Amino acid sequence: METIIPAAKAAARLLREQRSRLGAAWRPLRYVLREDVAEGTLLFNGLTRELLLLTPEETAQMDAPGPVREALIARWFLAPEGQDDRKLASELLSLAAALEPPKEGITGYTVMTTTDCNARCFYCYELGRSRVPMSRETALRLADYMTAHSGGKKLHISWFGGEPLYNAEIIDLICQKLREAGQEYRSSMISNGYLFDEATVRRAAENWKLERVQITLDGTEDVYNRSKAYIYKDGVSPYRRVLDNIELLLEAHIAVRVRLNLGAHNGEDLFRLVDGLAERWGGRPGLSVYSNPLFENNDFGVLEQVRTHREETFRRQLELEDYIRQKGLGGRNGLRRSLRTGGCMADNDQSVVVAPDGHIGKCEHFSESEFCSHIDSEAWDREMIRSWKEKVEEVPDCAGCVCYPECYRLKKCPNAGACFPEARMIQESRLRQGVRNEYRWYVHKQAAREEQEQENC
Ligand code: SF4
Ligand code: SF4
C-alpha cells in the first residue's frame, strides 16, 4: 500500500487512527472514490484527503479480514455499518474550522478597476448596472490602504470589472504605488482579453506581476463575435484578436484559463471550438480550458431559454469536459490538500472586493450594494460580514453525497442555487480527474527521482 498523498494535517490530528471493532461489519466510507489504474487501485478519501495506491493483490484482500483491511480501517477508508458518515464529516469539518488560528491582515483583493466594459454579452450579470471607472485618486488611496492592512504579507490582487483593461491606467498606478512602498504582490485577472497587445502584456508581466488570466470564449468566430457584441466597428474580428492575445500571454509565461460558457445557443459549437484550441495549443503549458453552464440559478439568471434545458445542459457539459480532457486541454486540476473549512473570498476574513468608488464588499458579483466598509474608513459592518458566512441549509441528498466534504455553499452566493444530480455528477467527475492527475504527477516525479539517483551513482 503506497501513500500517494498523506492525510490532511488537521484530519490526522483530529481523527487519529480508527480502531477496529470486534464483530463490526465494515463498508467503504461514503467519501472514498475508487479509480482503477494499470498498477492497481487508487483509493481517495475525500474526508481525510489521503490518496493510496493498492497493488492488485492488496485490492483482492480489501474485503477480507487481514492486514490490508486493518490498514484501511485505521486510515478511515472503511466505516462500520450503521455509521452516519455525514455526521462524522460535519463534526470533523466544524472542529477543524473552529481550531484554525485567526489570520492577520487583508491579503486578497479583488479590485474593480471599472464596471464599464467594451463588450455587450447578452448574459452579463452587470447589465443594467451603472458603468463607473475608478478614479486616479481612489486608486492611489487604495494602494495606501492595501499596504497599511497587509500585515507585511504578500498580496494577491485579482483585477476584475466590467473589463479591467478598460481602465488599465488604474492598475499601473496601484502597482507603482505598491512597489514604491515596498509592498510585495502578485496578480491575476478576469478579462475578455480584447485589449491586450504586446506592450500591455509586457507591462502585465513586469509591473502588474500578472500570473494568470481567465478569458471566456463563447464559441467559434461567428458565435463568439455575435455573443460578445463588442462596441468596436473597425472590421477586425474580435475572435481572432482575442486568440492572438492568448498567444501573447502564453509567450510571456502568463497562464491562460479559457472558460467556455455553455448554453442552449452554443452546445455544438463549443466542441468545434475545442478542436480549434487543441490544434493551436494542445499540450501547451500554461493553457487550460474548462466549461461553465449558463443556467437559471447562477449569476446568469436571465437566461430563460436554458431554464427548461437544465438536464440537457449538464449532460452536454459532462460530454464537453470529457472532450476537453481528451484533447489535452483539461489543465492541471489536482486535489485540495487541506480540509475545506470555508467557501470562497466572501467568507474569508483576509479577502475583500473593492468597488470603483472605494467601497469594500465581500463578493465580486456585487458592485453597488452589500458593502461592509470603505477604503477611507476603519469601520466595518460586522453584521454584513457575518451574513456572508451563512451556509445554505443541507438538503436530504447531502446525506449520501460523495461531494459532501468538498461542498461549501453560501446562502448569499448568487451562484449557489439549488443542488441538482447533474451538477453533482460534474463535481464528482472533476474530483475523479483530480485523482488521476495527482497519480500521473506522482508517477512522473518518482521516475524523475529514480533517474536522478541513477545519475548520481
Ligand atoms: S453537492 Fe448537493 S447534495 Fe452534495 S453535499 Fe453539496 S448540496 Fe449536498
Ligand atoms: S459568494 Fe459566490 S459569486 Fe460571490 S465570490 Fe463567492 S463563489 Fe463567487
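Residues numbered from 1 in each chain as written. Chains lettered and ligands numbered in written order. Predicted model: local features only at pLDDT ≥ 70, side-chain atom pairs only at ≥ 80, totals over all residues.

In this section: the overall build of the protein. Looking only at helices and strands, the protein has 14 helices and 15 strands in total. Here the C-alpha radius of gyration of the protein, 24 Å, is about what a compact globule of 457 residues would show, namely 23 Å. Structurally, the protein occupies a C-alpha span of about 75 × 60 × 50 Å along its principal axes. Here the contacts in the protein between residues at least 6 apart in sequence split such that 74% fall between residues at least 24 apart. (Helix = DSSP H or I, 4+ residues; strand = E, 2+ residues; numbered from the N terminus. Rg over C-alpha atoms; globule rule 2.2 N^0.38 Å. Contact = placed C-beta atoms within 7 Å.)

For ligand 1, the full set of nearby residues is Glu394, Val395, Asp397, Cys398, Cys401, Cys403, Tyr404, Cys407, Arg409, Cys419 and Arg424. Of the residues contributing to the shell around ligand 1, the split by class is 7 nonpolar, no polar and 4 charged. (Near = placed C-beta within 6 Å. Nonpolar A, V, L, I, M, F, W, Y, C, P; charged D, E, K, R; others polar.)

To continue, consider the domain arrangement of the protein. We note that the domain assignment places domain 1 (2-100) and domain 2 (103-436) within the protein. One C-alpha centre belongs to domain 1, the other to domain 2, and the line joining them spans 34 Å. Each side of the interface is counted separately: domain 1 has 20 residues, and domain 2 has 18 residues. With 5 residues, the top contributor of residues to the side of domain 1 that touches domain 2 is helix 4 (residues 85-99). Across the side of domain 1 that touches domain 2, the residue classes tally to 14 nonpolar, 1 polar and 5 charged. (Domains from an automatic or database assignment.)

Now for the nonpolar core. The nonpolar side chains of soluble globular proteins are, as a tendency, buried together. In this structure, Leu142, Ile174, Val256, Leu260 and Val354 are the most contacted members of the largest nonpolar core, which totals 70 residues. Broken down by element, this core gets its largest block of residues, 6 residues, from helix 6 (residues 168-180). By size, the runner-up hydrophobic cluster in this structure holds 29 residues, among which are Ala10, Leu29, Leu53 and Cys401. (Core = buried A, V, L, I, M, F, W, Y, C linked by C-beta atoms within 7 Å. Buried ≥ 20, exposed ≤ 12 C-beta atoms within 10 Å, placed from the backbone.)

So, on to the sheet that holds strand 5 (residues 51-54). Taken together, the 4 strands give an open sheet; going across it, the order is 1-5-4-3, and neighbouring strands pair in antiparallel fashion. Edge positions in the open sheet fall to strand 1 (2-5) and strand 3 (32-37), since each of these has one partner strand only. The mean angle between the axes of side-by-side strands here comes to 25°, regardless of whether they run parallel or antiparallel. Across the sheet, helix 14 (residues 421-456) is in contact with strand 1, strand 3, strand 4 (40-45) and strand 5; its angle to strand 3 comes to roughly 50°. (Pairing = 2+ DSSP bridges. Axes fitted to C-alpha atoms, helices over the stretch in contact; angles between N-to-C directions.)

Here we take up the sheet that holds strand 12 (residues 287-293). Read across the sheet, 9 strands follow the order 12-11-10-9-8-7-13-14-15 without closing on themselves; strand pairing throughout is mixed. Pairing within the sheet leaves two strands with one partner each, and these edge strands are strand 12 and strand 15 (373-374). The sheet contact formed by strand 8 (residues 155-160) and strand 9 (residues 185-191) spans 5 bridges and is parallel. Counterpart to Ser158 in the pairing with strand 9 is Ser188.

Let us look at helix 6. Here helix 6 contains 13 residues, and its C-alpha end-to-end distance of 19 Å stays within 8% of the 18 Å for a straight helix at 1.5 Å per residue. Buried within helix 6 are the following residues: Ala168, Ile170, Ile171, Ile174, Cys175 and Leu178. Projected onto a plane normal to the axis of helix 6, the buried residues spread over an arc of 150° and lie on a single side. Every exposed residue of helix 6 that faces more than 90 degrees away from the buried side is listed here: Glu169 and Glu180. Buried residues belonging to helix 6 abut helix 5 (136-149), strand 8, strand 9 and helix 7 (198-206). Positive phi shows up at Gly182, right after helix 6, with a value of about 75°. (Expected span 1.5 Å × (residues − 1). Arc of directions from axis to C-beta.)

All residues adjacent to ligand 2 are Cys344, Met345, Ala346, Cys363, Glu364, His365, Leu410, Cys413, Pro414 and Asn415. Among the residues making up the shell around ligand 2, the classes are represented as 7 nonpolar, 2 polar and 1 charged.

Summary statistics for the protein give a mean pLDDT of 92 and a share of 96% for residues scoring 70 or more. With pLDDT under 50 throughout, residues 296-307 is counted as low confidence; its partners more than four residues away or in other chains account for 27 contacts. (pLDDT = per-residue confidence, 0-100.)

Further remarks concern the environment of Trp76. You can see Trp76 is positioned in the loop between helix 3 (67-74) and strand 6 (78-80). Judged by the 23 C-beta atoms lying within 10 Å of it, Trp76 falls in the buried class. With 117 residues separating them in the primary sequence, Trp76 and Gly193 have C-alpha atoms 46 Å apart. Those residues in contact with Trp76, other than ones at most four positions away along the chain, are Leu15, Gln18, Leu29, Asn45, Leu47 and Thr48.

Working note: regular strand, side chains alternate between the two faces of the sheet. Sheet topology note: the strand 3/strand 4 ladder contains 6 bridges and is antiparallel. When the sheet's bridge partners are listed, Arg34 is paired in strand 4 with Leu43. For strand 4 and strand 5, the ladder comprises 4 bridges, and the chain directions are antiparallel. Among the inter-strand pairings, Leu43 is bridged to a residue of strand 5, identified as Leu52.

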